[in-house]
Amino acid sequence: MVKILDTTLREGEQTAGVSFTINEKMTLAKMLDDFGVDMIEVGHPNVSPKIEEFIRKVVKENLKADVVGHVRAVKGDVEMAVDCEVDRVAIFLATSNVHLKDKLKMTKEVAIEKVVDCVQYAKDHGLKVRYTPEDATRTDFNYLIEICNAAIDAGADRISVADTVGVMQPHIFYDLVKTIKANLKPVGIDVHCHNDFGLAVANAMAGVRAGADCVHTTVNGIGERTGIVDLSNFVVATHILDNENLKYDLKMLKQISAYVEKITGIYVYPLMPIMGDNAFTHKSGVHTDGVLKNPSTYEPFSPEMVGKERKIIVDKFAGRRAVMSKLNQYGIEASDEDLLKIIHEIKKVGDERKIVHETDILDIAEKVLGVKAVTIPTGVDAVLFLRLEAHIYTTSISRKIKNMKGVEKLYEMSGDEDISIYASLKNVAELNNLIEDIRSIPGVLATSTRVVLKKYGEVNGNSC
Ligand code: COA
Ligand code: ZN
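The residue count restarts for each chain, going from 1 along the sequence in the order it is written. As a convention, the first chain written is A and the first ligand written is 1, with the rest following in written order. Reporting in this predicted model follows two pLDDT cut-offs: at least 70 for local features of residues, and 80 or more for side-chain atom pairs to be given and counted; totals over whole chains, interfaces and linings ignore these cut-offs and use all residues. Only hydrogens and water are set aside; all other atoms, that is, all heavy atoms of the structure, feed into the side-chain values.

A. Looking closely at the overall build of the protein chain. Each helix and strand counted, the protein chain has 16 helices and 16 strands in total. The principal-axis extent of the C-alpha atoms belonging to the protein chain is close to 85 × 55 × 40 Å. For every residue, the accessible area (1.4 Å probe, protein chains only) is compared with the maximum for its type, and the residue is labelled buried under 20%, exposed over 50%, or partly exposed between those bounds. Relative to its 464 residues, the protein chain shows a buried fraction of 51%. Of the accessible surface of the protein chain, which amounts to about 22300 Å², a share of 52% is contributed by carbon and sulfur atoms. Put simply, the protein chain has 58 plus and 67 minus side-chain charges, and the middle of one group is 2 Å from the middle of the other. Strands are runs of DSSP state E lasting at least two residues, helices are runs of H or I lasting at least four, and both sets are numbered from the N terminus onward. Reported accessibility uses the Shrake-Rupley method at a 1.4 Å probe radius. Residues are deemed covered only where the shown protein chains occlude them. His is not counted, nor are the chain ends, whereas Lys and Arg count as positive and Asp and Glu as negative. In plain terms, the charge of a residue is placed at NZ if it is Lys, CZ if Arg, CG if Asp and CD if Glu.

B. Quick look at the pairing of strand E1 (residues 3–6). Examined bridge by bridge, E1 and strand E8 (residues 214–217) share four bridges and lie parallel to one another. Paired with Leu5 across the two strands is His216, which belongs to E8. Throughout, right-handed denotes a crossover for which the path from the first strand over the helix to the second runs clockwise when the strands point away from the viewer. In this fold, E1 hands off to helix H1 (residues 22–35), which returns the chain to strand E2 (residues 39–43); that crossover is right-handed. Pairs of strands are assigned from DSSP output, requiring at least two bridges between the strands.

C. Structural context of the environment of Ser448. Within the secondary structure, Ser448 is located in strand E14 (residues 444–451). For the pair Ser448 and Thr297, spaced 151 residues apart in sequence, the C-alpha to C-alpha distance is 46 Å. If we skip the residues at most four places from it in the chain, Ser448 touches Val383, Leu384 and Phe385. Whether two residues are in contact is decided by their heavy atoms, any of which lying within 4.5 Å being enough.

D. Spotlight on the site of ligand 1. Working definition: residue near molecule or strand if any one of its non-hydrogen atoms lies within 4 Å of it. If you check the shell around ligand 1, you find 13 residues, and the closest are His44, Arg72, Ala73, Phe92 and Leu93. Relative to its unbound accessible area of 940 Å², ligand 1 is 52% covered by the protein chains. Of all the secondary structure elements, the ones that give two or more residues to the shell around ligand 1 are strand E3 (66–72) and helix H4 (97–104). Lys, Arg, Asp and Glu make up the charged group, whereas Ala, Val, Leu, Ile, Met, Phe, Trp, Tyr, Cys and Pro make up the nonpolar group; the residues left over, Gly among them, are polar. Of the residues assigned to the shell around ligand 1, the class counts are six nonpolar, four polar and three charged.

E. Region of the structure containing the sheet that holds strand E11 (residues 380–388). Spatial strand order, E12-E13-E11-E14: four strands in an open sheet with antiparallel pairing. Each edge of the open sheet carries a strand with a single partner, namely strand E12 (407–412) and E14. Averaged over all pairs of adjacent strands, the angle between strand axes in this sheet comes to 20°, irrespective of strand direction. Examined bridge by bridge, E11 and E14 share seven bridges and lie antiparallel to one another. Across the sheet, residue Leu384 finds its bridge partner in E14, namely Thr449. Throughout, an axis means a line fitted to C-alpha atoms (over the contacting stretch in the case of helices), and angles, computed between N-to-C directions, take values from 0 to 180 degrees.

F. Inspection of the packing of helix H8 (residues 200–209) against helix H9 (residues 231–241) at higher detail. Two elements in contact, H8 and H9, have axes separated by 10 Å at closest approach and are oriented at 50°. Put simply, H8 runs oblique to H9. Remark: the crossing between H8 and H9 carries right-handed chirality. Listed contacts from H9 to Val201, Ala204, Met205 and Val208 of H8 are Asn233, Phe234, Ala237 and Thr238. What sets the label is the angle itself: under 35 degrees gives roughly parallel, over 145 gives roughly antiparallel, 65 to 115 gives roughly perpendicular, and the rest give oblique. Handedness of a helix crossing follows the sense of rotation of the near helix relative to the far helix, less than a right angle counterclockwise being left-handed and clockwise being right-handed.

G. Representation of helix H11 (residues 285–293) within the structure. Here H11 has its buried residues at Gly285, Thr288, Gly290 and Val291. As for H11, its buried residues are in contact with strand E9 (281–282), strand E10 (311–312) and helix H12 (320–329).

H. Summary view of the packing of helix H7 (residues 170–183) against H8. In the contact formed by H7 and H8, the axes pass within 8 Å of each other and the chain directions differ by 35°. The interaxial crossing formed by H7 with H8 has right-handed handedness. Side by side, H7 and H8 meet where Pro170, Phe173, Tyr174 and Val177 of the first sit next to Ala202, Asn203, Ala206, Gly207 and Arg209 of the second.

I. Highlighting the coordination of the zinc ion (ligand 2). Water is not part of the atom set, so a site may look incomplete; the donors themselves are N, O and S atoms within 2.8 Å of the metal, or 3.2 Å for Na, K and Ca. On the protein side, the zinc ion (ligand 2) has Glu11 (OE), His192 (NE2) and His194 (NE2) as donor atoms, found 2.0 to 2.1 Å from it. We note that the donor set of the zinc ion (ligand 2) lies within a single chain, spaced as E-x180-H-x1-H. Taken together, the residues Glu11 in the loop between E1 and H1 and His192 in strand E7 (residues 188–193) connect sequence positions 181 residues apart. Comparing Glu11 with His192, the two get one shared label, buried.

J. Spatial organisation of the packing of aromatic side chains. Stacked, tilted and edge-to-face are the three classes assigned to paired rings of Phe, Tyr and Trp, where Trp is represented by its six-membered ring and a pair needs centres within 6.5 Å; plane angles under 30 degrees give stacked, over 60 edge-to-face, the rest tilted. Taken as a whole and assessed by the stated rule, the structure comprises two aromatic pairs. Judged by centre distance (5.3 Å) and plane angle (10°), the ring pair of Phe35 and Tyr248 falls under stacked. Residue Phe35 is located in helix H1, and its partner Tyr248 is located in the loop between H9 and helix H10 (253–264); the two are separated by 213 residues in the primary sequence. Like Tyr248, Phe35 is buried. Geometrically, the ring pair formed by Phe280 and Phe301 is edge-to-face, given 5.4 Å between the ring centres and 80° between the ring planes. A residue pair is termed long-range when its members are at least 10 positions apart, and Phe280 in the loop between H10 and E9 and Phe301 in the loop between H11 and E10 qualify at 21 residues.

Laid out in structure tokens, this is it:
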């Protein structure tokens, strides 16, 4: 069974704009451990004092997963990992010509000496060792095999084939990993696939097919530049498409993704496979009719499997079945004739506006049927006003807030308030989270929130 090394806490923290607190890291490490990943890469101990402090702390947690420190091929780095008492150390040193010549300014021979030296040191101090030839996929093949076999002879039990700039394609990566495996002494093989061309998950799956037994992932696919293999995408694709019976607690995926969304401020885009809001959302009448009859008509697997829910959108694309099912959710029944009238009105609204809100549907139903709907729809829109401390650069706060979940518009203003925000959220709990997140930003002095009761879309062609 393929192993997962999750590196959200190392590679993930290298994402632009991301930095975790020790508590956030600890919570995530425990979640990943409960989910069932085999290894958790926790960071370079010598990058910063807090990273070192976290590593020293997490090794004491006795997680089921191996705790992996990540270090350069520098003796001092390895010594620090040894001192932190991690289970395993991942020593990386790039092997491609461009990295050796222009970045490291090192000959191929010296690179081998450094790797052997560091691997041996870590091994002699009781650590399990992985060697990562960084930029392996752009490395001269014979040299790649030579340095990896030298690392294995020195005590490395895993080699990570790093597609550092994401230039692989599945069929090429398959051949490469297969040939690497055939030429290496017996060893575990990791694949570390970057997503520069959107091929990370496909390449990782090809790598596994070719004989790799461990894939590096991050939650929500975060990482340097455009990130690496997304945990949920890889695990679920392997489970469903490759028919692998994996040991992971898939139902936890939504919760883990939502947590990382919250602590990174990088929100999962709606069309993202599996974790995106749209992954199990159906809109057009033909699709919604099919899904309401049998979800597998338009879903490759059920949302419950990954802790999510199905959503049916009703707007101008809706047909009778979707509208009836939406009305039924609110305890409203309608005759065939009234249903057609309601649909007609919904389509009119849908032609005029980008979004048909549930309140619109209920308004229409009330008018057509002459009854009052008793249930209050979900979804809450709010306007928030913020006052900042005098010395604070307003734009630095705006930058932090503008990507927060639910924030649709943000204005920096003159007058008593410094910033105003228009936010649209699923429920009051989400609104509350947004307010808490904003209040926790240093420099935010006060917030005041107004809940929107009714919206009037476009006025004279301008959005209001
Ligand atoms: N093994 C050995 N040396 C390496 C290396 C490796 N795998 N990768 C890079 N280096 C060298 C570079 O050649 C450069 O050396 P030079 O200064 O002699 O030219 C140095 O490491 C990196 O440059 P710089 O960041 O300016 O060095 P620094 O000594 O000030 O800081 C770190 C080193 C590691 C503490 C710092 O870069 C850092 O905090 N990095 C964050 C972690 C990181 O970069 N991770 C990447 C993982 S893929
Ligand atoms: Zn990487």
